[in-house]
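Each chain, written out:
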Amino acid sequence: MSANRTIAENTLGDKISRYAPFRDQLLPHQTALLEQVEKHGYCILPRVFSPQQVAETKRVVAELEAAQAGPASGGGRNLFEGYQTKRVYGIFAKSRDFDKYATHPDVLALNRVLLGGGNLVSAAHSICIDPGQTPQVLHFDDGMYPMPRPRASVSAAIMVSLDPYTENNGATVAVPDSHLWGPERSPEDDEASPVVMPAGSILYFVGQLWHGGGRNTSTAPRNALTIQYCAGYLRPMENQFLAVSPEILRTIDNKPLLDMLGYSVYPPFLGYGEANFILRSSCEL
């Protein structure tokens, strides 16, 4: 067994002991998903959203893109965003249609085990990879946190496929087991494989996993949503207090989402306001 794997497993073991109650609450199929994540860094939840839900979300995204709802809604501003890729950021400020994707029960269950209770939404946006888009540089999502690799997870993300993910339409590519790598190793492009899955599926992966957006050599765009999460003691990438106004918050009828937008307390008292240990959501203010 490599030293990197030993360190990662020891760190994960420490975290398992802290979050054991959440692990014990998993349903059998959630335990199987967790085992895949711990071994490979990711798992697939196939067809968890209906064709009707997917079609409606694609309609909402298309309207937002047409309305130029954000600086990258007409195309990326740099190579990382992708010049042939449209992105709509801050989606929870723009439509209630997106709420259900953030709070799928299996995602919440995995987050509790891997990130602990009180975890937060770190970022949320749509991604439309148009034909001709070149591959995104391989990366891991939580590199901005000054924590050495390998280590236990402090962030995770989902990709929701609004179109089928195929080998040639820009499907997310992933490097299996790379969440266990140390800082001395980075992947070669041929180590990444496309994640093929039907529309309405979820790709769940931890923040240490090397991955990227794939090349779209097809004749059709590939639509998806991404929602990222972080442990409750970390600063999210996207400032949800600025992204989602108090007026918009009053329209959100989804308590888990409100909690993850920051209207909750990470034990024992991170995030409290006016000496109250349990914050009321803005819907109740």
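Preceding block: the structure.
A brief report on the enclosed structure follows. Model, not experiment: these values are computed from the prediction. (Residues numbered from 1 in each chain as written. Predicted model: local features only at pLDDT ≥ 70, side-chain atom pairs only at ≥ 80, totals over all residues. Heavy atoms only, no water.)

## Brief notes about empty space enclosed by the protein
One simple way to see leftover space: roll a probe sized like a water molecule over the atoms. Rules: Cavity means a closed set of points on a 1 Å grid over the protein atoms alone, one where a 1.4 Å probe fits but cannot get out, pocket means an open set with protein on both sides within 12 Å along at least 5 of 7 lines, and lining means a residue has an atom within 4 Å of a point. Grid points are joined across faces, edges and corners, and a volume is the space filled by probe spheres set on the points. Numbering goes from the N terminus for both helices and strands, where a helix is a DSSP run of H or I of at least four residues and a strand is a run of E of at least two. Amino acids outside the nonpolar list (Ala, Val, Leu, Ile, Met, Phe, Trp, Tyr, Cys, Pro) and the charged list (Asp, Glu, Lys, Arg) are all regarded as polar, and Gly is one of them.
Taken as a whole and judged by the stated rule, the model has one cavity of 30 Å³ or more. In this model, the largest cavity occupies a volume close to 60 Å³. Around the largest cavity, the lining is made up of 14 residues, and of these Asp 141, Ser 155, Gln 228, Tyr 229 and Met 237 lie nearest the centre. Listing elements by their share of the lining of the largest cavity, those giving two or more residues are strand E4 (155–161), strand E7 (202–206) and strand E9 (222–230). Each residue belonging to the lining of the largest cavity can be placed in one class, and the counts come to nine nonpolar, four polar and one charged.

## Comments concerning the pairing of strand E2 (residues 85–89)
Put simply, the test is: Accessibility here uses a 1.4 Å probe with only protein chains present; expressed as a share of the type maximum, an area under 20% marks a residue as buried, one over 50% as exposed, and anything in between as partly exposed. For two strands to be treated as a pair, DSSP must find no fewer than two bridges joining them.
Where burial is concerned, most of E2 is hidden: four out of the five residues are buried. Where E2 lies against strand E3 (residues 120–129), five bridges are found, and the strand directions are antiparallel. When the sheet's bridge partners are listed, Thr 85 is paired in E3 with Ile 129.

## Here's the deal with the pattern of salt bridges
Let me state the cut-off plainly: In the sections that follow, a salt bridge refers to a side-chain nitrogen of Lys or Arg positioned within 4 Å of a carboxyl oxygen of Asp or Glu.
Per the stated rule, a full pass over the model turns up eleven salt bridges. One salt bridge connects Asp 130 with Lys 86, and the closest N-O pair in it is separated by 2.6 Å. In this pair, Asp 130 sits in the loop between E3 and E4 while Lys 86 sits in strand E2, placing the two residues 44 residues apart along the sequence. The burial state of Asp 130 is the same as that of Lys 86; both residues are buried.

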